[in-house]
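One-letter residues, chain by chain:
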Amino acid sequence: MKGSDVVIKDVCKSFGDFRALNNVSLKIDKGEFFSLLGPSGCGKTTLLRIIAGFESPDDRVLTFDGTDVLPLPPNRRQANTVFQNYALFPHLTVFENVAFPLRIKKIPTAVIIPKVKDYLTLVQLEGHAHKKPNQLSGGQKQRVAIARALINEPQVLLLDEPLSALDAKLRQHMLIELDQIHDKIGITFIYVTHDQQEALSVSDRIAVMNAGDVLQIGTPHEIYESPGTDFVAKFIGETNLFDATVARVLKLEKLDVNGDTEYMADLDIPELGRVKVTTIDMLQLGQKVSWTVRPEKILISKDRPATNREDINLFKGSVDEPIYSGFQTKFYVKIRDDIMIRVIKQHAKYSDEGPDIIWKDEVFISWSAADGYIVEVKS
Ligand SMILES: Nc1ncnc2c1ncn2[C@@H]1O[C@H](COP(=O)(O)OP(=O)(O)OP(=O)(O)O)[C@@H](O)[C@H]1O
Ligand SMILES: [Mg+2]
């Protein structure tokens, strides 16, 4: 695998009295597509700027392949950055913008020409070499910035919300291209975004940040299906999240897929009633926990589902607000006056009854105990 591994240990950063990063530790593997994901102001750019060398941490360790890079200025680190606003030179052509890092190094033009051509091909801009940045679309400008950041063959590419200036469709397209470029050149990518869909769809692993802290590091699947904190559960995707009290615990005969002992717990949720959940946590009666079920794991129907399985949670409610978006409908189902459960129904078949469930319909919602998840054990 190409690229450097990047190790960040106990990095703190304050601006005056304000603590922007709190003991951040990460180990990013060689060649990994690693994302820093979190809401605005959580410290993502600050961390990226520290890795790039534009900002120095208060106290800390930062290594690339085991070598301390903190004493090195940005241009001596094997990392290049792609910024949100492209930062292209307006008076230079596409070709010269991409060639710029090589010109600074006084590399002969005969070497530069084929190399720039290769990188323009990599980002699919072969026919645009002679244009100036103001003759390019947003997506094309960003590709120039990516080619320019890659032409020095860095070990690490740092990307700070590189797609945020593009419209949604182009963003999707560029994201796929970025993933393909990563596959082709194989170096380490550190990608900053506050868009969870973006992070989930391209990353090998994600670090979820909030208020200067790294809350959880994991694969997209781990972060989505097994959020470690209430914040992560709410920030990644949409969910139904409740505080609950453990009312009953039963050890199950079968082990779960990883061979761990599984329990069936009954939870008391004041707003909802009793909910069954399977868990590998050793819960105690009376313990306070938070519990979640994702909207797409809930079935919705006008007829009572024909099941008498022990592990099914079944509630009745009325549809408050159906939001149809072609491939799916999102429903807010009112269980009690101010308690809504979000449900997403995918329209996998043409005959799906999705759009037929309408505002104010009485419906049944159900999900199995295994589809809920205990997020935090609080006491
Ligand atoms: N040079 C600075 N001086 C003072 N405060 C700063 C400075 N740079 C960043 N901050 C503060 O540190 C916090 C983290 O900023 P940062 O730019 O890292 O956030 P971010 O996660 O990248 O947010 P966004 O998604 O909006 O880009 C913010 O509250 C910001 O106001
Ligand atoms: Mg930022």
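Rules behind the numbers
- Residues numbered from 1 in each chain as written.
- Chains lettered and ligands numbered in written order.
- Predicted model: local features only at pLDDT ≥ 70, side-chain atom pairs only at ≥ 80, totals over all residues.
- Heavy atoms only, no water.
- Near = heavy atom within 4 Å.
- Polar contact = N/O pair within 3.5 Å; in protein donor to acceptor, adjacent residues only side chain to side chain.
- Helix = DSSP H or I, 4+ residues; strand = E, 2+ residues; numbered from the N terminus.
- Domains from an automatic or database assignment.
- Contact = heavy atoms within 4.5 Å.
- Buried area = accessible area lost by both parts, 1.4 Å probe.
- Salt bridge = Lys/Arg side-chain N within 4 Å of Asp/Glu carboxyl O.
- pLDDT = per-residue confidence, 0-100.
- Pairing = 2+ DSSP bridges.
- Axes fitted to C-alpha atoms, helices over the stretch in contact; angles between N-to-C directions.
- Expected span 1.5 Å × (residues − 1).
- Buried < 20%, exposed > 50% of the residue type's maximum accessible area, 1.4 Å probe, protein only.
- Disulfide = S-S within 2.5 Å.
- Parallel < 35°, antiparallel > 145°, perpendicular 65-115°, else oblique.
- Left-handed = near helix turned anticlockwise from the far one by under 90°.
- Nonpolar A, V, L, I, M, F, W, Y, C, P; charged D, E, K, R; others polar.

Engineer: Tell me what's going on with the site of ligand 1, and back it up with residues and numbers.
Structural biologist: All residues adjacent to ligand 1 are Phe15, Phe18, Ala20, Pro39, Ser40, Gly41, Cys42, Gly43, Lys44, Thr45, Thr46 and Glu161. Taking Gly43, its main chain carries an N or O atom lying 3.0 Å from an oxygen atom of ligand 1. Thr46 is positioned with one of its side-chain polar atoms (N or O) 2.5 Å from an oxygen atom of ligand 1. Of all the elements in the fold, those that place two or more residues in the shell around ligand 1 are strand E2 (18–28) and helix H1 (44–52).

Engineer: I'd like a rundown of the domain arrangement of the protein chain, residues and numbers included.
Structural biologist: Split by domain assignment, the protein chain resolves into domain 1 (6–235) and domain 2 (240–377). On the domain 2 side, the residues contacting the 10 residues of domain 1 number 8 residues. Together domain 1 and domain 2 conceal approximately 840 Å² of surface at their shared face, both sides included; 44% is due to carbon and sulfur atoms. Inspection of the region where domain 1 meets domain 2 yields 1 salt bridge. Between Glu225 and Lys297 there is a salt bridge, and its shortest N-O distance comes to 3.1 Å.

Engineer: Tell me about the pattern of salt bridges, and name the residues and values.
Structural biologist: For the structure on display, the rule yields 21 salt bridges. Measuring nitrogen to oxygen at the nearest pair gives 3.5 Å for the salt bridge that ties Glu177 to Arg143. Taken together, the residues span a long stretch of sequence, with Glu177 in helix H5 (residues 168–185) and Arg143 in helix H4 (residues 138–150) at a distance of 34 residues. Taken together, the shared-partner salt bridges in this structure form one network comprising Arg248, Asp266, Asp268 and Arg274.

Engineer: Give me the side chain of Asn240: which residues, what numbers.
Structural biologist: One can find Asn240 in strand E11 (residues 240–255). If sequence neighbours within four positions are ignored, Asn240 has contacts with Trp291, Thr292, Val293, Arg294, Pro295, Ile298, Met340, Ile341 and Arg342.

Engineer: Any chance you could break down the confidence of the model for the protein chain for me, citing the residues and the numbers?
Structural biologist: With 98% of its residues at a pLDDT of 70 or more, the protein chain shows a mean pLDDT of 91. Across the protein chain, the element-wise mean pLDDT spans from 83 in strand E4 (residues 59–64) up to 98 in strand E9 (residues 205–210).

Engineer: Before we move on, could you go through the sheet that holds strand E10 (residues 213–218) and cite the residues and values that matter?
Structural biologist: An order of E6-E7-E8-E3-E9-E10 is seen for the 6 strands of this open sheet, with the pairing classed as mixed. Sheet topology places strand E6 (79–82) and E10 at the edges, where each strand pairs with a single neighbour. Between one strand axis and the next, the sheet turns through 20 degrees on average, direction left out of account. Contacting E6 and strand E7 (156–160), H4 runs over the sheet at an angle of about 170 degrees to E6. Here H5 sits on the sheet in contact with strand E3 (33–37), E7 and strand E8 (188–193), set at roughly 160 degrees to E8.

Engineer: Mind laying out H5, listing which residues take part and the relevant values?
Structural biologist: Taking 1.5 Å as the rise per residue, H5 with 18 residues should run 26 Å; its terminal C-alpha atoms sit 26 Å apart, in good agreement. Inspection of H5 places Met174, Leu175, Glu177, Leu178, Ile181, His182 and Ile185 among the buried residues, and these make up the whole buried set. Buried residues in H5 make contact with E3, helix H3 (109–122), H4, E7, E8 and helix H6 (196–202). Gly186 lies just past H5 and shows a positive phi near 70 degrees.

Engineer: Talk me through the sheet that holds strand E20 (residues 372–377); I want residue IDs and the actual numbers.
Structural biologist: Overall, antiparallel pairing links the 5 strands, which are arranged E13-E12-E11-E14-E20 in an open sheet. Strands with a single pairing partner mark the edges of an open sheet, and in this sheet they are strand E13 (273–279) and E20. Shown here is a sheet whose adjacent strand axes are inclined to one another by a mean of 45 degrees, direction ignored.

Engineer: Could you give me a rundown of the environment of Val293, with the residues and numbers involved?
Structural biologist: Summarising the element assignment, Val293 is placed in strand E14 (residues 288–293). With 54 residues separating them in the primary sequence, Val293 and Thr239 have C-alpha atoms 6.2 Å apart. Those residues in contact with Val293, other than ones at most four positions away along the chain, are Thr239, Asn240, Ile298, Trp367, Asp371 and Gly372.

Engineer: Please provide a residue-by-residue account of the state of the cysteines, values included.
Structural biologist: Counted under the stated rule, the structure contains 0 disulfides. Considering cysteine sulfurs only, Cys42 is the nearest to Cys12, which forms no disulfide, with 15 Å between them.

Engineer: Account for the packing of helix H2 (residues 94–104) against H3, with residues named and values stated.
Structural biologist: Where H2 meets H3, the axes come as close as 10 Å, and the angle between the chain directions of the two elements is 125 degrees. One finds that H2 runs oblique with respect to H3. For the element pair H2 and H3, the recorded crossing hand is right-handed. Across the interface between the two elements, Val94, Phe95, Val98, Ala99, Leu102 and Arg103 of H2 pack against Thr109, Ile112, Ile113, Lys115, Val116 and Leu120 of H3. Of the residues in the contact of H2 with H3, the class split is 9 nonpolar, 1 polar and 2 charged.

Engineer: Would you mind going over the environment of Gln197 in detail, with residue names and values included?
Structural biologist: Residue placement: Gln197 occurs in helix H6. For Gln197, a relative accessible area of 48% gives the class partly exposed. For the pair formed by Gln197 and Gly237, sequence separation is 40 residues and the distance between their alpha carbons is 7.8 Å.

Engineer: Talk me through the pairing of E11; I want residue IDs and the actual numbers.
Structural biologist: Both E11 and E14 contribute to a ladder of 6 bridges, which runs antiparallel. Directly across from Asp243, in E14, lies its bridge partner Ser290. The pairing of E11 with strand E12 (residues 261–269) spans 7 bridges and is antiparallel. Opposite Val249, over in E12, you have Ala265 as the bridge partner.

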